[in-house]
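Notes for the structure review
As a plain string of letters, each chain reads:
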Amino acid sequence: QVKYESQRKILQTLASRLEELGIDAQKPGELCCPLQPVVPSPIINGYRNKSTFSVNRGPDGNPKTVGLYVGTGRGQNIVCVKANHVENIPSKHKQVAQCYEEFICHSPLDSCILFHEGGHWRELVVRTTGCGHTMAIITFHPQQLGQEELATQKALLKEFFTCGPGAVCDLTSLYFQESTMTRCSHEQSPFQLLHGAPHIFEELLGLKFRISPDAFFQVNTAGAEVLYQAVGELCQATGDTVLLDICCGTGTIGLSLAHRVSKVIGVEVVEKAIEDAEWNAAFNGISNCEFHSGKAEAVLPQLLASWEDARPLVAVVNPSRAGLHYRVVRAIRNCRSIRRLLYISCKPEGEAMRNFLELCCPPDPRKKLTGEQFSPMLAIPFDMFPHTGHCELLLLFTR
Ligand SMILES: C[S@@+](CC[C@H](N)C(=O)[O-])C[C@H]1O[C@@H](n2cnc3c(N)ncnc32)[C@H](O)[C@@H]1O
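Numbering of residues begins from 1 in every chain and follows the order in which that chain's sequence is written. With the structure being a predicted model, the display of local features is reserved for residues of pLDDT at least 70 and the display and counting of side-chain atom pairs for 80 or more, all residues being used for whole-chain, interface and lining totals. Derived side-chain values reflect all non-hydrogen atoms in the structure, with water molecules and hydrogen atoms excluded from consideration.

Quick look at the UniProt feature "binding site: S-adenosyl-L-methionine" (unreviewed entry) in the protein
- UniProt positions are given in the numbering used here, feature names are shortened, and annotations may be inferred rather than shown by experiment. Residues given the UniProt feature "binding site: S-adenosyl-L-methionine" (unreviewed entry) here are Gln218, Glu268 and Asn318.
- Taking relative accessible area as the criterion, Gln218 reaches 3% and is therefore assigned buried.
- Among all residues touching Gln218, those that are not within four sequence positions of it are Asn49, Ala224, Leu227, Tyr228, Asn318, Met384 and Glu392.
- In this fold, Glu268 is placed in strand 11 (residues 263-268).
- In this structure Glu268 comes out as buried when scored by relative accessible area, which is 10%.
- Contact partners of Glu268, with chain neighbours within four places excluded, come to Cys247, Cys248, Gly249, Ala273, Ile274, His292, Ser293 and Gly294. Whether a residue is buried, partly exposed or exposed follows from its accessible area with a 1.4 Å probe, protein chains only, as a fraction of its type maximum: under 20%, in between, or over 50%, in that order. In this analysis, two residues are considered to be in contact whenever any of their non-hydrogen atoms come within 4.5 Å of each other. Only runs of H or I of at least four residues qualify as helices and only runs of E of at least two qualify as strands under DSSP, and these elements are numbered from the N terminus.

Okay, here's the thing in structure tokens:
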């Protein structure tokens, strides 16, 4: 009910913002379109396949606590607490976090709390899959350490997780990333494989997906299956439909719908995710998909400007919280072949709201938005994140 209410408010906001733009958008209940009940997650506890653990001072003052932050910046009361009580994190993730804490507590090197104050040990990411694979990615601030000292630390970490106390975690892959920034891409600082296999594999809707350390994958695999099935239904694809999968990650959406359409075109900025998507297509024997590596705002305008294919074109967009770049929205609006658009957002009240307005506002030649506007037709929230206040919203737009 709480989640339904928050999604209802989002649709109310969208309706009133569209009214301000002169669009008669308000439907019964002051919403811009019908809102279906929240679709439950098939799994409620321990559903997360990826957890990110911070390293910081705990409530007892221990600066080598591996866990999650509680408190607020404004209250100046942020502490890092162990995640053992957190219901949506599986026990395997908690076990790896516990082992990492043991390792850094015995390390002569400090944890890195504020970059400029020194210290080395930073964040831990744990990813698991239904196939029983576990990947751990440890971020390390090199500070002034030389190559030899770095190699020693990497060897100690590997030894701990392969033949020491950390061996109980039975890691499939152990990665190490030297990072002087909050987040680094593989291109900025490579993920170094210290042990095991370079990828983990997940099964979803009968397909097998390879996942690289920096590739996105929905954190709730069973929840993602339910979402993608609904995407498939709302696409109303016929045999000759071309499906645009914008921000495609490892290709999950397009590949799971490939058998229903004549062609899938995926676009994604993370190069390793595109390599995964290509591998995933080949491994699953899917040959009607092409994947483009690059920013959607660079790839899509070019792709759609020269679009002369007569086949129906359906777009599925699933951007990160930053939403779609204006150029992507403009390219979609100005491509007459796209009559149907599915927008999947984990934060529809944020930047996605700006995109909804850009998609639905009246044509505006000054903004080079000459194409006919879209209208919201249906909204379905998915409880992708049980035990949190968040939802994944699927919004269908047509024109
Ligand atoms: C929420 S994820 C969705 C991935 C995929 N659709 C799925 O369900 O697994 C958003 C994806 O957008 C990608 N992304 C972020 N900014 C992008 C951009 N400017 N152009 C293309 N892809 C982008 C991210 O790397 C990430 O893989």
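Description of the UniProt feature "active site" (unreviewed entry) in the protein
- UniProt's entry tags Cys346 with the feature "active site" (unreviewed entry), counted in the numbering of this structure.
- Position of Cys346 relative to the elements: it lies in the loop between strand 14 (338-345) and helix 9 (351-360).
- Cys346 has contacts with Arg321, Phe385, Cys391 and Glu392, leaving out every residue within four places of it along the chain.

Some details on the sheet that holds strand 3 (residues 79-81)
- When DSSP finds two or more bridges between two strands, those strands count as paired. If you trace the seven strands from one edge of the open sheet to the other, you get 3-2-1-4-5-6-7, paired in mixed fashion. For this open sheet the edge positions go to strand 3 and strand 7 (192-196), each flanked by a neighbour on one side alone. Across this sheet, the average inter-strand angle for adjacent strands is 35°, counted without regard to direction.
- Relative to strand 5 (residues 134-140), strand 4 (residues 121-128) runs antiparallel, the two sharing six bridges. Within the sheet, the bridge partner assigned to Leu124 lies in strand 5 and is Ile138.
- Between N-to-C directions, angles cover 0 to 180 degrees, with each direction set by a line fitted to C-alpha atoms, over the stretch in contact for helices. Its contacts with the sheet put helix 3 (residues 147-162) on strand 4, strand 5, strand 6 (173-178) and strand 7, and the angle it makes with strand 6 is roughly 155°.

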